[in-house]
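Examination of the molecular architecture
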Amino acid sequence: MRLLDRLLNEIRAAAAFNPDVQVAPACILWPDRDRQWEAVMPVLQAELPELMILGDCAPEKRIGPAIWLRCAIGGQAKDIALPEDRTPILYLPGVSRQDLRAVESCPDRLKPLAELQYRGVIWSQINAKDWTILAFLKSDQGGLGLDVAQDNDAKSAMQLALYRLLDEEVDLLKGKRLDKDYFNTLSTGGDPIRDLLQWLDRGDAFQASRGENEWRAFVAVCKSQLAFNPRNEGVLAGANRLANHEGPWHAVWERFCEAPMRYPNIPAQIRRCEPPAFDWFTDEIVAGGWPQWNDDQENTLRRELIALAKAPAHKARSRIAALEQQHRGRRALVWAELGEAPLVCALEHLATIATLTKSGLAAGSADDLAAGYRTQGWRVDDGVIGALAPVDSPADLRAVTTAVRSVYLPWMEESARHLQKLVDGASYPGGTCLTAKAASYDPGDCVLFVDGLRFDAGKRLVECLEACGFEISEEPTWTALPSVTATGKPAVAPVSDRIRGKDGSTDFEPSVAVTGQSLKGGYHLKKLLTDAGWSILERSTDGDGQGLAWCEFGDIDHEGHNRGWKLAKHVDALILEIRDRIADLLGAGWKRVRVVTDHGWLLVPGGLPKIDLPSALVESKWGRCASLKPGASTEERLYPWYWNPNQYFALADGVSCFRKGEEYAHGGLSLQECLTLQLTVTRGESAGAAASVEFTDVVWKGLRCTVAVDGSFSGLSLDVRSQAGNPSSSVIVSVKPLKDNGTASVVVEDEDMEGREATVVLIDPNGSLVVQIATAIGGGDT
């Protein structure tokens, strides 16, 4: 029960009487000489319709002079209607019980009330004294019997905290020592560390947003708990203590690190302070609170990475590993989360590249190459994406580019040359249209074509899908040569057996086998599909799950050509779009989504090595492949076109490119371009559980979200995310399991999130997403 409820009960209980020997009291008089309760009268009047207050005439507020109060309890005041089943309560601010008892000397303004002490009752202590706040909290005779400090500081803090104190649960107050710190903390909202961080972040604006009582309480709490006076010492002194985070300030620092985005100005405040002198042996535990120290470490790391430019690959790998040992602890600091340590974030992935490239792939057969790439090799490519994603500035890009080129480029070059040598002496593992085996499909299959889904991107997609509870089977597949969309897309289409390549084709575009019509532009490919009974689903169409369907989606290749190395910054977002598309298709009733792609790609910051191929020798020349003119000869290796083995084309040697400065390219023969993943995605058990679980209620009260669900919800937990399938995008303090009645409640900590779109999700014990519903944070019922 709330303290407010106990107070109301005690006041009303004063009107109890024995009807056998007594008449009902005319009213309850509540004298309060020191006006201690006056500030909370609006709250009490909202709960007590029978409560009236002595004061200037304001009948609409149930306030009036003594004569008006006398008329009101006698039913003679026309401007107020009191409940008939309640004894009227008269609150008398500034009036003591003694003022009423001395009728002869009673002030004129009180005389109409004097006789009510005989016809009514007075709510007072057993010793006939007025109920003060301290007395009500401490007394076990008509009060709450709590452990309350009685010093003047505690009394003052108690008075300031009364409004908030009324909402506290009495049972939770028992066993606590209610002293000045407790009351001051309560006055500031119950979270002094949050308030301190907000003050450090906002400075004078924080003080201006608080009432005088709240500000006084805040200062008192800081002085008591942190030995710090915000009023006298100021924001910069506080920022200095936060950066050093010693003693009681350690808890403040940890709180800042939990949600640094809530306090965007604190780093700048710390930068205005002079940091202590750090020597070479100072580590992140001691210096980690100072962004200036982190800056120095980033500058040192940048110089070290740039120095790898002239190092041989094996020495570069050793140096990167040593740098990782030296700097890795900084990734746990708040500066990494705030994006102020991009190089140490990149270093984690550079270290992975350095470790995995110690073992080259340039050995054995084509099957051996493929096996090595499937198990570990693709992680090297993924590491390059990871290393490039955090960097923004030209200086940081230069450092990461230098490191990547020092260890990645030689490894990739060696494996590509070895694969090209194997194919030149035998045949390409992906074969041609004459040797390709036709895939089989069943009703309920939807083929989703994704342009440029490289092997490592496919692995990222698998991880996202598994997090949502889908089941995936993977099938490594060699693409058609050359590894360009014009050739590769028709090769993975369900009607590939109706397509062939004409002699003399220079653009790698095959044709309809029967009519010879070029597939360029896509019209005739779609016509072949529809003629074969396939439905064509546009980007925003999901279909009905019946029959067979072909769908195209994804912008990876387009973004790669447009952005170069910056593709690394957008890969995850592009993958999530593909995941959502697959989820929509399965949700529409398709039994399986078969994800196919046309090619992978090479991505090297700073550009791929340039190789010359005179324009006079070629009909058309792309980044990594070229169609030669009849009779032209070149030192480049020639390979048969997938769609017409009698027609040959040239591929750039190793990982070189026919165009200068290309960071992103494909069309050649390498593991990165030619070995891809085809995926078959179906609804797993946890994904299928969504059909048996549904939200019946989603209610926001401020930043607290309460849900109710129906169905098979045992073992499920509640989360709120900005991205439904991304666990790291959770915006709540902690994930909560559903109770036995199918309800749960969670709190969004960041007040700045209010009004933003989010998704309420239920997840199973493995973390897989089961069901979701869109919402707006703090935005009312959904």
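Criteria and cut-off values
Residues numbered from 1 in each chain as written. Predicted model: local features only at pLDDT ≥ 70, side-chain atom pairs only at ≥ 80, totals over all residues. Heavy atoms only, no water. Buried < 20%, exposed > 50% of the residue type's maximum accessible area, 1.4 Å probe, protein only. Helix = DSSP H or I, 4+ residues; strand = E, 2+ residues; numbered from the N terminus. 1 Å grid on protein atoms, 1.4 Å probe; cavity = no way out; pocket = protein on both sides within 12 Å on 5 of 7 lines; lining within 4 Å. Points joined across faces, edges and corners; volume = space filled by probe spheres on them. Nonpolar A, V, L, I, M, F, W, Y, C, P; charged D, E, K, R; others polar. Pairing = 2+ DSSP bridges. Contact = heavy atoms within 4.5 Å. Polar contact = N/O pair within 3.5 Å; in protein donor to acceptor, adjacent residues only side chain to side chain. Phe/Tyr/Trp six-rings, centres within 6.5 Å; stacked < 30°, edge-to-face > 60°.

Right, let's talk about helix H26 (residues 485-492) for a bit. An α-helical turn contains 3.6 residues, so any two residues separated by three or four positions project in the same direction. Along H26, seven of the eight residues are buried, which leaves the element largely enclosed by surrounding structure. Every buried residue of H26 is listed here: Ala486, Thr487, Gly488, Lys489, Pro490, Ala491 and Val492.

Once that is clear, we can look at the layout of surface pockets. Of the volumes computed, that of the largest pocket is approximately 1,200 Å³. Lining the largest pocket are 41 residues; nearest its centre among them are Ser722, Gln723, Asn726, Ser728 and Ser729. The element that contributes the greatest number of residues to the lining of the largest pocket is helix H29 (residues 571-587), accounting for five residues. For the lining of the largest pocket, the class distribution of residues is 20 nonpolar, ten polar and eleven charged. Around the second largest pocket, the lining is made up of 35 residues, and of these Ala436, Lys437, Thr477, Ala491 and Gln678 lie nearest the centre.

Right, let's talk about the pairing of strand E18 (residues 638-641) for a bit. The pairing of E18 with strand E19 (residues 644-651) spans four bridges and is classified as antiparallel. Along E19, the bridge assignment pairs Pro640 with Tyr648. Here E18 folds back onto E19 in antiparallel fashion, the turn holding two residues.

Next up on the list: the environment of Ser124. Secondary-structure assignment places Ser124 in the loop between strand E5 (121-122) and helix H7 (133-138). Taking the C-alpha atoms as reference, Ser124 lies 9.0 Å from Gly142; in sequence the two are 18 residues apart. For Ser124, the residues in contact, after removing those within four places along its chain, are Arg97, Lys129 and Trp131. At 2.6 Å, the side chain of Ser124 and the side chain of Arg97 are in polar contact.

Take the packing of aromatic side chains next. Scanning all chains against the criterion turns up 25 aromatic pairs. When the ring of Trp123 is compared with that of Phe136, the centres are 6.1 Å apart and the planes differ by 65°; the resulting orientation is edge-to-face. Of the two residues, Trp123 sits in the loop between E5 and H7 while Phe136 sits in helix H7, which places them 13 residues apart along the sequence. With 5.4 Å between their ring centres and 70° between their planes, Tyr373 and Phe455 make a pair best called edge-to-face. Placement of the pair is Tyr373 in helix H23 (residues 366-388) and Phe455 in helix H25 (residues 455-467), with a sequence separation of 82 residues. One aromatic cluster in this structure is built from Trp30, Trp37, Tyr91, Trp123, Trp131 and Phe136.

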